[in-house]
Amino acid sequence: MRCDAFFSPDTPAIEARRFHRQARAKYWAVAILFAVVGLLVLSRLAHSGELSTGREGKAGSQTNLCAFATTAPAYPGVINKSAVVMRSLVPRPSNPHDPHDTLEAVRRFHVTRLEWVYGLTPDFVKKAKALGVSVSGATSCNTALSIANTPDAAQKFCILDLNLHPITAPWMRKWNPPGLWLCVNNPTVRERSLAQIEQQYDLGLRDLQRDDPQDNEAALGWGGCFCQYCMAGFRDYLKKNCSADELRALGVSNVDDFDYRKYLLDQHAPVGDQFKKYDGGRLKELFEAFEKQSTIAFHVWWRGELNKHAGHYVPVSCNNNSQIFTGPFALFDFYVGELFVRNNKPEFFFQLEQTVKKLGKGQTLTMPEARDVTSSPAWIRQIRQAIAAAYATGLHIEAPWDAYIIAQESSRFFGEPKDFSDLFAMVRASAELLDGYEDVAATGMQLPDARWDSSNQPVSILPGAAPVTAFVRAKPGHPEAPVVIHLINWSEHPEACKLALRPQMMFAGKPFQAVLLTPVPYQQQAHDAAFASGDYSKLVQRTVLGSGEVSTLEIPALDPWGILVLEPLKSASTRP
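This structure is a prediction, so every number in the text was calculated from the model and none was measured.

A.B. asks: Hey, could you go over the overall build of the protein for me, with residue numbers and the actual values?
C.D. replies: From N to C terminus, the protein includes 15 helices and 19 strands. Here the protein holds 576 residues, and the buried ones make up 51% of them. Restricting the contact set of the protein to residue pairs at least 6 apart, pairs at least 24 apart contribute 73%. Split by element, the accessible area of the protein, about 26800 Å² in all, is 53% carbon and sulfur.

Written out as structure tokens, the structure is:
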């Protein structure tokens, strides 16, 4: 309504001003009235659950949980959530005395993706692909074509301390021989690293894993690198990043002749690991910045060259210890990293998934790493809980086979299929309940899910102190797709519990059926047949727990994982 609608051009000026004031008053009175009525109507609609949110669900008391699920970015080399992944350090058997067989383990653990493998051969890759498995290669700071792990090679190509002695990572020092830690500023290392990477790619690999991507940046903590190439590179760095006045103030009178290693020796700087604590002032800060930049530049360079060689973009993951995402780690498409025993708890998995999703990345974990393990029931239970938690949160975890153990001597863990393959078979049987599903809620054991509070939590564990977690997942944009609740029992002695649901929040108040999927006890013959046929339906037990507007469900003791599937009923029937 316009104010000038109340004004006639024939009205004298005084009357015009009076009518104008009256018009404004009427206008605002009408506007306020409409606003109050509108708010009352909106409030009533919201209270009754009839106000559309503009998403798939409805706000208020009736909600479809898929409205709160957001699709994760599809990072390069994206891995299906239903993939079963495994690592083999090298293709096994690696020698006539090796009792292990990688391809047999692929069958036994129902593997679909073999990753982070060194020493691949054309014959092995061909055989693995014949089993329906994708293959991922591996490169690291100590792999380069034609550079063998010898004392002579270490002296020529490794990072060097102030005394020009080769040094390596602390965890590699007890290897026999100690692991190489190659310098990325060494031109021969760069050339042969790229050659090794391209040679691997030509085997027909899906992607690559880069171990220890910090390279020279990490070596700063162990007293390197002071090789001739790093000293020359540091001179160039100073020329580009420091003015002549700043260089003079730092004691660098002639940058073209400056040798930072000799300068530090004159200053009696500590050698090796102690160099990390050395207060080297501004020059040390600049040196650290140079080595960090060198590390990043190296990865940008070889990945660009690999893409040129391949003729397309090649996805590459890196080992991030499951917790590091910045610096050189940010350059990689997704991550395969260690799960340490101290992190094998529900809140770690939940928070990790939230982090990588925000970053638009993916994360695969190793089995929990410990300093020493035996196949005790307690240890097997911990690994099974980790497998369940990884899939429940949309992450991946490698099958517990040929897995690294933090020990005094290099050793590997080779799990038995009878202890773990029932879980991987359930993954293969439940692909349609994993792929495309996203996190919407998590509860139990004080999981830190700030999206919901006690007044609107869609799922709750009863009693609240039960050692059970529930990870709720839904399919974005699919209101009729099942809601999936992954239930994990973290107890040493699992017991039954109750699950409380808000039925009005599942499918906008529509009745549904609740079916619990659990793995069938392991029998090798049945598992062999499932791998051969690709039909895993017989390896999962389906138990109907309720139907209709279900508000509570009795959950049996889980060992440790069950997938609760809520499916909207197609008819008015409330009974299965």
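Read on for the rest.
A.B. asks: Can you tell me about the packing of helix H7 (residues 228–241) against helix H10 (residues 281–310), naming the residues and giving the values?
C.D. replies: As a packed pair, H7 and H10 sit with axes 10 Å apart at the nearest point and diverge in direction by 110 degrees. Classified by the interaxial angle, the pair formed by H7 and H10 is roughly perpendicular. On H10, the residues touching Cys 230, Met 231, Gly 233, Phe 234, Tyr 237 and Leu 238 of H7 are Leu 283, Leu 286, Phe 287, Ala 289, Phe 290, Glu 291 and Gln 293. Taken together, the residues of the contact of H7 with H10 sort by class into 10 nonpolar, two polar and one charged.

A.B. asks: Give a detailed account of helix H15 (residues 524–533), specifying residues and quantitative values.
C.D. replies: Note on helix geometry: an α-helix contains 3.6 residues per turn, so any two residues three or four positions apart are oriented the same way. Taken together, the buried positions of H15 are occupied by His 527, Ala 530 and Phe 531. One face of H15 carries all of its buried residues, which in axial projection span an arc of 95 degrees. Facing away from the buried side of H15, by more than 90 degrees, are the exposed residues Gln 525, Ala 532 and Ser 533. Each element contacted by the buried residues of H15 is listed here: helix H2 (102–108) and helix H13 (417–429). Gly 534 sits one or two residues past H15 and shows a positive phi near 80 degrees.

A.B. asks: Explain the pairing of strand S11 (residues 438–443) to me, and be specific about the residues and the numbers.
C.D. replies: Each regular strand shows side chains that alternate between the opposite faces of the sheet. By the criterion of burial, S11 is predominantly enclosed, with six of the six residues buried. The pairing of S11 with strand S13 (residues 468–474) spans five bridges and is classified as antiparallel. Across the sheet, residue Ala 442 finds its bridge partner in S13, namely Phe 471.

A.B. asks: Let's hear about the packing of helix H5 (residues 187–201) against H10: which residues, and what values?
C.D. replies: It is at 10 Å that the axes of H5 and H10 come closest, and there the two elements cross at 40 degrees. Comparing their axes, H10 and H5 come out oblique. Relative to H10, the crossing made by H5 is right-handed. On H10, the residues touching Arg 190, Ser 193, Leu 194, Ile 197, Glu 198 and Tyr 201 of H5 are Phe 298, Trp 301, Trp 302, Glu 305, Leu 306, His 309 and Ala 310. Grouping the amino acids of the contact of H5 with H10 by side-chain chemistry returns eight nonpolar, two polar and three charged.

A.B. asks: Explain the sheet that holds S11 to me, and be specific about the residues and the numbers.
C.D. replies: The strand order across the open sheet formed by six strands is S11-S13-S14-S19-S16-S17, and the pairing between neighbours is antiparallel. Two strands close off the open sheet at either side, each with one partner strand: S11 and strand S17 (540–548). The mean inter-strand angle of the sheet, taken between neighbouring strand axes irrespective of direction, is 20 degrees.

A.B. asks: Lay out the side chain of Asn 64 with the relevant residues and their values.
C.D. replies: Along the chain, Asn 64 turns up in the loop between helix H1 (13–48) and strand S1 (85–87). In terms of polar contacts, Asn 64 uses its side chain to reach the backbone carbonyl oxygen of Pro 479, at 3.0 Å.

A.B. asks: Summarise the confidence of the model for the protein; cite the residues concerned and give the values.
C.D. replies: Summarising the model, the protein shows a mean pLDDT of 88, and 87% of its residues fall at 70 or more. Below a pLDDT of 50 lies the segment residues 1–24, which in the model reaches 11 contacts outside its immediate sequence neighbourhood of four places, other chains included. Contacts for the low-pLDDT stretch residues 572–576, under 50 throughout, to residues beyond four places or in other chains number seven contacts.

A.B. asks: So what's going on with the sheet that holds strand S15 (residues 497–501)? Which residues, and what values?
C.D. replies: As summarised here, the arrangement of the three strands in space is S12-S15-S18, forming an open sheet in which the pairing is antiparallel. Either end of the sheet is taken by a strand with one partner, and the two such strands are strand S12 (459–462) and strand S18 (552–555). Taken over all neighbouring pairs, the strand axes of this sheet differ in orientation by 25 degrees on average, direction set aside. The sheet contact formed by S15 and S18 spans four bridges and is antiparallel. Residue pairing for S18: Lys 498 is matched across the bridge by Glu 554.

A.B. asks: Can you break down the packing of aromatic side chains residue by residue, with the values?
C.D. replies: Overall, the coordinates contain 25 aromatic pairs when judged by the stated rule. Measuring from centroid to centroid gives 6.4 Å for Phe 109 and Phe 424, while their planes differ by 80 degrees, and the two rings are edge-to-face. Here Phe 424 lies in helix H13 and Phe 109 lies in the loop between H2 and strand S2 (113–115), a separation of 315 residues in the sequence. Summarising the burial analysis for this pair, Phe 109 and Phe 424 share the class buried. On the numbers, 6.1 Å between centres and 80 degrees between planes, the contact of Phe 348 with Phe 349 is edge-to-face. With respect to class, Phe 348 is no different from Phe 349; both count as buried. Between Arg 190 and the ring centre of Trp 301, over which it is positioned, the NZ or CZ distance is 4.5 Å. The residue whose ring lies beneath Lys 284 is Phe 275, and the NZ or CZ to ring-centre distance is 4.7 Å.

A.B. asks: Give a description of unusual backbone geometry that names residues and reports values.
C.D. replies: Leaving glycine out, the prevailing phi sign among residues is negative, and the prevailing peptide bond configuration is trans. Residue Pro 93 is reached from Arg 92 by a cis peptide bond, and omega for that bond is 5 degrees. Secondary-structure assignment places Pro 93 in the loop between S1 and H2. Here the bond from Asn 176 into Pro 177 is cis, since omega is 0 degrees, no more than 30 degrees from zero. When you line up the elements, Pro 177 lands in the loop between helix H4 (151–157) and H5.

A.B. asks: An account of the pattern of salt bridges is needed here, citing residue identities and associated values.
C.D. replies: Scanning all chains against the criterion turns up 28 salt bridges. Of the charged contacts in the structure, one is a salt bridge between Asp 439 and Arg 451, with a shortest N-O distance of 2.7 Å. Here Arg 451 lies in the loop between S11 and S12 and Asp 439 lies in strand S11, a separation of 12 residues in the sequence. We classify Asp 439 as buried; its relative accessible area is 7%. For Arg 451, a relative accessible area of 38% translates into the label partly exposed. Among the charged side chains, a network of salt bridges with common partners joins Arg 92, Asp 98, Asp 402 and Arg 412.

The rules behind these values
- Residues numbered from 1 in each chain as written.
- Predicted model: local features only at pLDDT ≥ 70, side-chain atom pairs only at ≥ 80, totals over all residues.
- Heavy atoms only, no water.
- Helix = DSSP H or I, 4+ residues; strand = E, 2+ residues; numbered from the N terminus.
- Buried < 20%, exposed > 50% of the residue type's maximum accessible area, 1.4 Å probe, protein only.
- Contact = heavy atoms within 4.5 Å.
- Areas by Shrake-Rupley, 256 points an atom, 1.4 Å probe, with all protein chains shown as cover.
- Axes fitted to C-alpha atoms, helices over the stretch in contact; angles between N-to-C directions.
- Parallel < 35°, antiparallel > 145°, perpendicular 65-115°, else oblique.
- Nonpolar A, V, L, I, M, F, W, Y, C, P; charged D, E, K, R; others polar.
- Arc of directions from axis to C-beta.
- Pairing = 2+ DSSP bridges.
- Left-handed = near helix turned anticlockwise from the far one by under 90°.
- Polar contact = N/O pair within 3.5 Å; in protein donor to acceptor, adjacent residues only side chain to side chain.
- pLDDT = per-residue confidence, 0-100.
- Phe/Tyr/Trp six-rings, centres within 6.5 Å; stacked < 30°, edge-to-face > 60°.
- Lys NZ or Arg CZ within 6 Å of the ring centre and 35° of its normal.
- Salt bridge = Lys/Arg side-chain N within 4 Å of Asp/Glu carboxyl O.

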